[in-house]
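# Fold and geometry: a report
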Amino acid sequence: MLLNKFSTFEFECGTDEAGRGCLAGPVTAATVILPKNFKNPILNDSKQLSEKKRDILRPIIEQHAIQFGVAHVFQEKIDSINILNASILAMHKSLDKLNKTPDFIIVDGNRFKPYKKIPFETIIKGDSKYLSIAAASVLAKTHRDIYMNLIHEEYPMYNWKQNKGYPTKEHREAIRKYGITKYHRKSFKLLPEQLKLNI
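Below you will find a few notes about this structure. These numbers come from a predicted model, not from an experiment. (Residues numbered from 1 in each chain as written. Predicted model: local features only at pLDDT ≥ 70, side-chain atom pairs only at ≥ 80, totals over all residues. Heavy atoms only, no water.)

What follows concerns the overall build of the chain. Looking only at helices and strands, the chain features six helices and five strands. In the chain, the order of α-helices and β-strands from amino to carboxyl end is β-β-α-β-α-α-β-β-α-α-α. Relative to the 2.2 N^0.38 estimate, which gives 16 Å for 199 residues, the radius of gyration of the chain is 17 Å and therefore close to what a compact globule would have. Counting only C-alpha atoms, the chain reaches 60 × 35 × 25 Å along its principal axes. Counting all 199 residues of the chain, 50% fall into the buried class. Nonlocal contacts in the chain, meaning residues at least 24 apart in sequence, comprise 65% of its contacts between residues at least 6 apart. Counting every atom, the chain has about 10400 Å² of accessible surface; 53% of that belongs to carbon and sulfur. Of the charged side chains in the chain, 32 are positive and 21 negative; the average position of the first set lies 2 Å away from that of the second. (Helix = DSSP H or I, 4+ residues; strand = E, 2+ residues; numbered from the N terminus. Rg over C-alpha atoms; globule rule 2.2 N^0.38 Å. Buried < 20%, exposed > 50% of the residue type's maximum accessible area, 1.4 Å probe, protein only. Contact = heavy atoms within 4.5 Å. Areas by Shrake-Rupley, 256 points an atom, 1.4 Å probe, with all protein chains shown as cover. Lys, Arg positive; Asp, Glu negative; His and termini not counted. Charge placed at Lys NZ, Arg CZ, Asp CG, Glu CD.)

Ranked by internal contacts, the top residues of the largest apolar core, which has 33 residues, are V27, I78, L95, I105, F112 and W160. Mapped by element, the contributors of at least two residues to this core are β2 (27-33), α3 (83-96), β4 (104-108), α4 (131-154) and α6 (169-178). By residue number, the principal contributor to this core is α3, which donates seven residues. Setting aside chain neighbours within four positions, we find W160 in contact with A24, M148, I151, H152, Y155, G165, H171, T181, Y183 and H184. In terms of nonpolar packing, the next biggest core, distinct from the first, is built from 19 residues, L57, V70, A135 and L139 among them. (Core = buried A, V, L, I, M, F, W, Y, C linked by side-chain atoms within 4.5 Å.)

These values are about where atoms sit, not about what they do.
Here's what the structure looks like:
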């Protein structure tokens, strides 16, 4: 059973990101403030849900949330500041999109940087404990998937529609065969043998 609140503050928001482990595309974060009586029987950590369930939940969350914000941080930025900093930056950017400043922030995971002096708490596996973080995980994942489906049209040979940029065997085979695109994260180990030089 997911909990509604962590703190006693009225406007508590949950934030989470998607796409941290991908080889291509952005890291995407979402922040959600839910009404205090919000309930949904299928809402859970987005990784525990099928794509179909996430797609059903996205408009429900967007309709019922008091506020929500979604933001992408793209591969060039990821390569210049590293994925951890890019993930936190994406969360900050999604917080920037709220019209209402939250009183308290709960963050999935164990790393965050202070945002506008608002008190926060990092919660490991927070997306399977708190509704607002679960809702943020669903929005981050679905909005990122929409973006990956779009760029799939440009480079169908990597099958991003299916793998969403994650390091699947098929994705790595396509990198080996076709090389990399402008959407690939050059600071990531794109192929297992990348560190070997053919001399």
